[in-house]
Amino acid sequence: MRSGHWWRSEGSPCRGKPELRLRTLADVFAYAAAEGVTLRIDGTKVQVRRPQARRPGRRAFVSGRKKQNTIKPTAISDGAGRLLWLGAMRPGRMHDATAVRTEGIADLLRHYPQVTAEVDSGYQGLARDFPDQVNAPPKKATSHAPPEEVACWEEQRKQQSSQRICVEHAIAEAKQWRPLQRYLGRREYFEQTALAVAGLVSDRSAQR
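Residues numbered from 1 in each chain as written. Predicted model: local features only at pLDDT ≥ 70, side-chain atom pairs only at ≥ 80, totals over all residues. Heavy atoms only, no water.

Caption draft 1: Geometry of the overall build of the protein. For the protein, the helix and strand inventory stands at six helices and six strands. When the elements of the protein are put in sequence order from the N terminus, they spell out α-β-β-β-β-α-α-β-α-β-α-α. A burial count over the protein gives 47% of its 208 residues as buried. The long-range fraction of contacts in the protein, counting pairs at least 24 apart against all pairs at least 6 apart in sequence, stands at 61%. On the protein, roughly 11100 Å² of surface is accessible, and the fraction owed to carbon and sulfur atoms is 49%. (Helix = DSSP H or I, 4+ residues; strand = E, 2+ residues; numbered from the N terminus. Buried < 20%, exposed > 50% of the residue type's maximum accessible area, 1.4 Å probe, protein only. Contact = heavy atoms within 4.5 Å. Areas by Shrake-Rupley, 256 points an atom, 1.4 Å probe, with all protein chains shown as cover.)

Caption draft 2: Inspection of the packing of aromatic side chains at higher detail. Taken as a whole, this structure holds two aromatic pairs when the rule is applied. The interplanar angle of 40 degrees and the centroid separation of 6.4 Å between the aromatic rings of F29 and Y112 together place this pair among those described as tilted. Residue F29 is found in helix 1 (residues 25-35), and its partner Y112 is found in the loop between helix 3 (105-111) and strand 5 (117-118); the two are separated by 83 residues along the sequence. For the pair shown, F29 and Y112 are each scored as buried. (Phe/Tyr/Trp six-rings, centres within 6.5 Å; stacked < 30°, edge-to-face > 60°.)

Caption draft 3: Region of interest: empty space enclosed by the protein. Across all of its chains, the model carries one cavity of 30 Å³ or more by this definition. Of the pockets and cavities examined, the largest cavity occupies roughly 80 Å³. In terms of lining, the largest cavity is formed by T44, V46, P73, A75, L83, L86, A170, I171, A174, K175 and L180. No other element matches helix 5 (residues 147-174), which puts three residues into the lining of the largest cavity. Among the residues forming the lining of the largest cavity, the class breakdown is nine nonpolar, one polar and one charged. (1 Å grid on protein atoms, 1.4 Å probe; cavity = no way out; pocket = protein on both sides within 12 Å on 5 of 7 lines; lining within 4 Å. Points joined across faces, edges and corners; volume = space filled by probe spheres on them. Nonpolar A, V, L, I, M, F, W, Y, C, P; charged D, E, K, R; others polar.)

Caption draft 4: Structural detail: unusual backbone geometry. Even without being glycine, A88 reaches a positive phi, approximately 50 degrees. Residue placement: A88 occurs in strand 4 (residues 83-91).

Caption draft 5: Highlighting the nonpolar core. Of all hydrophobic cores here, the largest spans 29 residues; its most connected members are F29, L39, I41, I76, I105 and L126. Elements with a contribution of two residues or more to this core: helix 1, strand 1 (39-43), strand 4, helix 2 (96-101), helix 3 and helix 4 (124-129). If you tally residues by element for this core, the top one is helix 1, at five residues. Each residue touching L39, except ones within four places of it in the same chain, is listed here: V28, F29, A32, I76, S77, L84, V115, T116, A117 and E118. Ranked by size, the runner-up nonpolar core spans 19 residues in total, among them L83, L86, F190 and V197. (Core = buried A, V, L, I, M, F, W, Y, C linked by side-chain atoms within 4.5 Å.)

Caption draft 6: View of the side chain of Q133. Summarising the element assignment, Q133 is placed in the loop between helix 4 and strand 6 (134-135). Residue classification places Q133 among the buried residues on the basis of a relative accessible area of 11%. Other than its neighbours up to four places away in sequence, Q133 contacts L109, Y112, P113, Q114, V115, T116 and A117.

What follows is the structure, given as structure tokens:
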């Protein structure tokens, strides 16, 4: 598995382990299982330079929604919005759930049945496969649904959103750094830069 980076644990919830680092997704799950942490998982896109023409895999970097050339890292935070891990860096065209599946998240969910996660609608397939562990937003009410059903769906959607919004805060904190707003260097060095930024962000967030 590719390495990620996470925060130094001077503060809660890993007090007493000042040098503990979660470098892989497996480390994150082991930590969550040991400490009873509900994970918040989300992907984010960083715009990168357009790959050269007539190169294999050039289209893989084009994000369908943004119509930009991007790389997509996956971020994981705890309930306080502290960045635990940044990794699974894939070309922007790859789906959020596919990125973490290629990191072996399905096997880790089976190995750690006590670990739970809050995710957005991009991980509906993962929530379908692991309904007791992965919580995604409820499916939208149909256009012919009665008002009370629509109101119930809206309330459930808001509750689930409030549970996972902290990972958005963790991503926003990392993206205060200019290299993660738009990366102008060579793509092969993006991962090293992103991990360096994530390490600084997670060290700072651990003190909260």
